[in-house]
Amino acid sequence: MARRRRSPSHGASRWIPLLTLLVVAAAGAACWRPADERAYEDVVASMSMVKAKAFFEQYPKSAYRDRLVEDMIGWCKREDTGTCYQIVIETLPKEHPRYQEVVDAYEKRLADKRRRPR
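All figures in this text were calculated on a predicted structure; none of them were measured in a lab.

Novice: Could you clarify how one ought to interpret unusual backbone geometry in this entry?
Specialist: Negative phi characterises most residues that are not glycine, and trans characterises most peptide bonds. The phi angle at Met 47 is positive, at roughly 50°, despite the residue not being glycine. Note that Met 47 resides in the loop between α3 (35-46) and α4 (49-58).

Novice: Explain the environment of Gln 100 here, please?
Specialist: Inspection of the secondary structure puts Gln 100 in helix α7 (residues 99-115). Distance from Gln 100 to Ile 89, taken between C-alpha atoms, is 8.9 Å for residues eleven residues apart in sequence.

Novice: What exactly am I supposed to notice about the environment of Asp 42 here?
Specialist: With respect to the helices and strands, Asp 42 occurs in helix α3. When its relative accessible area of 37% is taken as the criterion, Asp 42 is described as partly exposed. Sequence spacing of Asp 42 and Phe 55 is 13 residues, and the spatial spacing of their C-alpha atoms is 9.7 Å. In terms of polar contacts, Asp 42 uses its side chain to reach the side chain of Lys 51, at 3.3 Å.

Quick notes on the rules
Residues numbered from 1 in each chain as written. Predicted model: local features only at pLDDT ≥ 70, side-chain atom pairs only at ≥ 80, totals over all residues. Heavy atoms only, no water. Helix = DSSP H or I, 4+ residues; strand = E, 2+ residues; numbered from the N terminus. Buried < 20%, exposed > 50% of the residue type's maximum accessible area, 1.4 Å probe, protein only. Polar contact = N/O pair within 3.5 Å; in protein donor to acceptor, adjacent residues only side chain to side chain.

Here it is as structure tokens:
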């Protein structure tokens, strides 16, 4: 009996499951982001001070804390109301280095408002 010749695709079929697994693993790793990054993006997208406060409580050592504080201060500068600064003061952790800066800006706004003649 003549020996049956193997088809070239037979050897390659052994590698398909392994290659598929590697592709899925690489795609999963590329899409995975840390929880604090996703939470930060959610806060920024919604501009919610409630979510910001929860972020500060849930991720006290997050690398995104300073970035979020910077965003919140930027929101208040654009909005230009004392109420925004007041809400940020209530939301920011008291131990954050920028906390006193926000308090000073709020107090300055109040002092300027009192000095203005009506």
